[in-house]
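Listed below, chain by chain, are the residues.
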Amino acid sequence: MTLLLPPRRLDRAVDEPSGVPAFPRLLLAGVEKAGKTYEAALASNSDLVGTTYWLELGEDSADEYKQLGPYRIVRHDGSYMDFLDAVRYAVAQPRGADGKPNLIVVDSASMLWELLCDEQTAVARRRATERGAAPDSELTITADQWQKAKNRFKDVINTLKYHDGPVLITARLEDVVLFDGDKPTRDRAWKVKSERSLPFECTAVVQLRARDSAFLTGVRSLNRDLSAAHIRPLPGFNVDKLFRDLGMDKRVARSTYRASHPEAIIREQAEGLDMLDDLPDDPSDDQLTKLIMLSFGTQQPEYLHRLTAFYGHQMLSRRKVAGKDGPVSAADAIERALNALANKAGTASPQPPSQAQDAFGASGFSSPGTEQPRCTVPDCPTPKNCVRPYANGARCEQHGPRQDAGRDAGPTAEEHQMPKQPVPVHPAQMLRDEAAAQARVLGLSVDKHLAELAPPGSTASQLPPTRLGGHLLRWRPVVVTALRDKGHDDLAEQYAKLGTRVPTREAAEILNSAAAQ
């Protein structure tokens, strides 16, 4: 049964929709010599846009078409990483003094997808060589390689979605024969030559099936003149007119797009927040301590009540967690936390998880405020805010049952036998250590190794840890190959056995061993 829990954030923005369209992303797909690049260059003349930034890949018309419009070419070296960085550069450029939005032209998506496919072919060839296959043997591109190529293509499109202005993407169009199984039919269809999800990511799709023969094949708009129910011919097509039909001549809103971040699970695991939603059945003492600290850090008593309901008071009374003055029962720790939250209700702002540990260790969840039980020992000097209710009556820490029993006998055997727990390494630190070790093996600086993760306008040193785990996984096969090239076959085997486990302490230790040899 799923327990309904309160939200961790109570300060979320809730806005009324503006009813204003966002900047369009236009896909202009055409057959050879149909004029797709020509129309893109003319679009820079539109008085709806400011500066046009042109990103060319696998094409060579940008310099020639200068007389068609005032655009600027963003140069790159033809590699995927440098092309992605050029896209980030264009997205990061501010509007000009006239306040008009910049236009970004990508020419073309077909060549970008071809580049990504060629990358995976090169990877497959390298793997075949490592296996000792013949040079002319058939190459196999695995499912994980195709997913890698799709993810890299998606990174470019997602970056363009953050652009505060219109985007125009060109692609090649093919008239293909449809197959029934492995047999060709008489039917034919127009197909965009690119990654298959590209039309879904665009506001409108225009096909140039011949010169001066344009068709609107898909659009997302409330403009009834742009019917999406049928393929519509566009006589006299030009990009400026379509932009106006899509509402760009009126006030437009910045994109509300937010990319999904599956890598955020690495951050959740690093911070431990995922434990609050998926409680372990048999937690260790360290896990119980962390669960109580995290629950206290949310400033929501329901999370602490959930711990008691899930594990039961009897079990929590037997388990020991780290307290201010040594081990205490988990049940007592939860009760202290609840009393501390009750005292702070309405007066204190929520603590982030990083501060919850300080509150747990330093204050023991005790704070002055509301009425507390009084110790039953006559003339006890303990302040009332330090009194805790024990099973045999209200007693303070000084006169509690455990303290009374231990005053003559000394520490219990259980306390003598309790081993000291090593200080755990924070999962986020494990990720950073492995990233530094990977860079060392590859002969790169850490900043250069992590450069592809840096958001537009930032440096690698400002990189948030949300995508670091996925980045490390993508580079592990490359690092394994580098270790083998350097003669560290045993360490390469150990590192390869880590598979998809992140974070892991062993990763940095293995790689650092290679550097020390």
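Given the structure is predicted, the values throughout are model-derived calculations rather than measurements. (Residues numbered from 1 in each chain as written. Predicted model: local features only at pLDDT ≥ 70, side-chain atom pairs only at ≥ 80, totals over all residues. Heavy atoms only, no water.)

Q: What should I look at first to understand the overall build of the protein in this one?
A: Across its full length, the protein holds 19 helices and 13 strands. A buried classification covers 42% of the 517 residues belonging to the protein. Of all intrachain contacts in the protein linking residues separated by at least 6 positions in sequence, the fraction that spans at least 24 positions is 62%. (Helix = DSSP H or I, 4+ residues; strand = E, 2+ residues; numbered from the N terminus. Buried < 20%, exposed > 50% of the residue type's maximum accessible area, 1.4 Å probe, protein only. Contact = heavy atoms within 4.5 Å.)

Q: Could you clarify how one ought to interpret the nonpolar core in this entry?
A: A general trend in soluble globular proteins is that nonpolar side chains are found buried together. Counting residues in hydrophobic clusters, the biggest one holds 65 residues, and the most contacted among them are L55, L160, L168, I169, V206 and F237. Here this core takes seven residues from helix α2 (residues 80–92), the largest share from any one element. If we ignore the near neighbours within four places in the chain, the residues touching L160 are V87, V91, I104, V106, V167 and I169. Within the second largest apolar cluster, 23 residues are counted, among which are L276, A330, A333 and L341. (Core = buried A, V, L, I, M, F, W, Y, C linked by side-chain atoms within 4.5 Å.)

Q: What am I meant to see in the packing of aromatic side chains here?
A: Across all of its chains, the model carries four aromatic pairs by this definition. Arranged with centres 4.7 Å apart and planes meeting at 35°, the rings of W54 and Y71 form a pair that is tilted. Note that W54 is positioned in strand β2 (residues 52–56) and Y71 in strand β3 (residues 71–73), a separation of 17 residues in sequence. Side by side, W54 and Y71 carry an identical accessibility label, which is buried. Put simply, the rings of W113, W146 and F153 touch in pairs and so form one group of aromatic residues. The ring of F215 is capped by R209, whose NZ or CZ atom sits 4.6 Å from the centre of that ring. (Phe/Tyr/Trp six-rings, centres within 6.5 Å; stacked < 30°, edge-to-face > 60°. Lys NZ or Arg CZ within 6 Å of the ring centre and 35° of its normal.)

Q: Quick question: what am I supposed to make of the packing of α2 against helix α4 (residues 143–161) here?
A: Any two packed helices are characterised by how steeply their axes cross, that is the angle between the axes, and by the distance between the axes. Following both chains from N to C, one finds α2 and α4 inclined at 10°, their axes separated by 9 Å at the closest point. Considering the angle they form, α2 stands roughly parallel to α4. For the pair formed by α2 and α4, the contact residues are Y80, F83, L84, V87, R88 and V91 on the first element and R152, D155, V156, T159 and L160 on the second. For the contact of α2 with α4, the class distribution of residues is seven nonpolar, one polar and three charged. (Axes fitted to C-alpha atoms, helices over the stretch in contact; angles between N-to-C directions. Parallel < 35°, antiparallel > 145°, perpendicular 65-115°, else oblique. Nonpolar A, V, L, I, M, F, W, Y, C, P; charged D, E, K, R; others polar.)

Q: Help me understand helix α1 (residues 36–43), please; the structure alone is not making it clear to me.
A: In an α-helix, one full turn covers 3.6 residues, which means residues spaced three or four apart are oriented alike. Within α1, six of the eight residues are buried, which leaves it mostly tucked inside the rest of the structure. Looking at α1, one finds that the buried residues are K36, T37, E39, A40, A41 and A43.

Q: How should the pattern of salt bridges be read in this particular structure?
A: Two side chains carrying opposite charge are able to pair once their charged atoms lie near each other. Inspection of every chain in the model, using the stated rule, returns 16 salt bridges. E119 is the partner of R152 in a salt bridge, and the nearest nitrogen-oxygen pair spans 3.1 Å. Residue R152 is found in helix α4, and its partner E119 is found in helix α3 (residues 109–130); the two are separated by 33 residues along the sequence. Here K161 ties to E201 by a salt bridge, and the two come within 2.4 Å at their closest N and O atoms. Of this pair, K161 sits in helix α4 while E201 sits in the loop between β6 (183–193) and β7 (204–210), placing them 40 residues apart in sequence. Three or more residues are tied together by salt bridges with common partners; here these are D47, D240 and R244. (Salt bridge = Lys/Arg side-chain N within 4 Å of Asp/Glu carboxyl O.)

Q: Can you walk me through the packing of helix α8 (residues 285–297) against helix α11 (residues 330–344) in this structure?
A: Where α8 contacts α11, the two axes come as close as 10 Å, and the packing angle between them is 10°. Here α8 lies roughly parallel to α11, going by the angle between them. Contacts between α8 and α11 involve L288, I292 and F296 from the former and A330, A333, I334, A337, A340, L341 and K344 from the latter. In terms of residue class, the contact of α8 with α11 is made up of nine nonpolar, no polar and one charged.

Q: How do you make sense of the pairing of β6 when you look at a structure like this?
A: As paired strands, strand β5 (residues 167–180) and β6 are joined by eight bridges and run antiparallel to one another. Considered in β6, the bridge of L173 is made with V192. The loop that links β5 with its antiparallel partner β6 comprises two residues; one of these, G181, has a positive phi angle of about 70°. (Pairing = 2+ DSSP bridges.)

Q: I would appreciate a short explanation of the pairing of β7 in the present structure.
A: Within a regular strand, the side chains alternate between the two sheet faces. Most of β7 sits out of view: six of its seven residues are buried. By the bridge criterion, five bridges tie strand β1 (residues 25–30) to β7 in an arrangement that is parallel. Residue pairing for β7: G30 is matched across the bridge by L208. Bridge count between β7 and strand β8 (residues 213–219): six bridges; the pairing is antiparallel. By the bridge assignment, V206 is partnered in β8 with L216. Joining the antiparallel neighbours β7 and β8 is a turn of two residues, in which D212 adopts a positive phi near 60°.

Q: Explanation requested: unusual backbone geometry in the structure shown.
A: Across residues other than glycine, the phi torsion is negative in most instances, and most of the peptide bonds are trans. Between D107 and the following residue, S108, the backbone shows a cis peptide bond with an omega angle of 10°. Residues other than glycine seldom take positive phi values, yet K33 does so here, at roughly 60°. Mapped onto the secondary structure, K33 falls in the loop between β1 and α1. The residue D212 is not glycine, and still its phi comes out positive at about 60°. Looking at the secondary structure, you find D212 in the loop between β7 and β8.

Q: Just to check I follow, could you spell out the confidence of the model for the protein for this structure?
A: Summary statistics for the protein give a mean pLDDT of 78 and a share of 75% for residues scoring 70 or more. Residue range residues 387–394 is modelled with pLDDT below 50. Its contacts to residues more than four positions away, or to other chains, number 29 contacts. Contacts of residues 401–422 to residues separated by more than four positions or lying in other chains number 17 contacts, the stretch itself having pLDDT below 50. (pLDDT = per-residue confidence, 0-100.)

Q: Can you help me understand the environment of I157 in this one?
A: Tracing the sequence through the fold places I157 in helix α4. What makes I157 buried here is its relative accessible area of 6%. Spatially, the C-alpha atom of I157 lies 8.3 Å from that of L198, the residues being 41 residues apart in sequence. Not counting residues within four places of it along the chain, the set of residues in contact with I157 comprises I169, L198 and E201.

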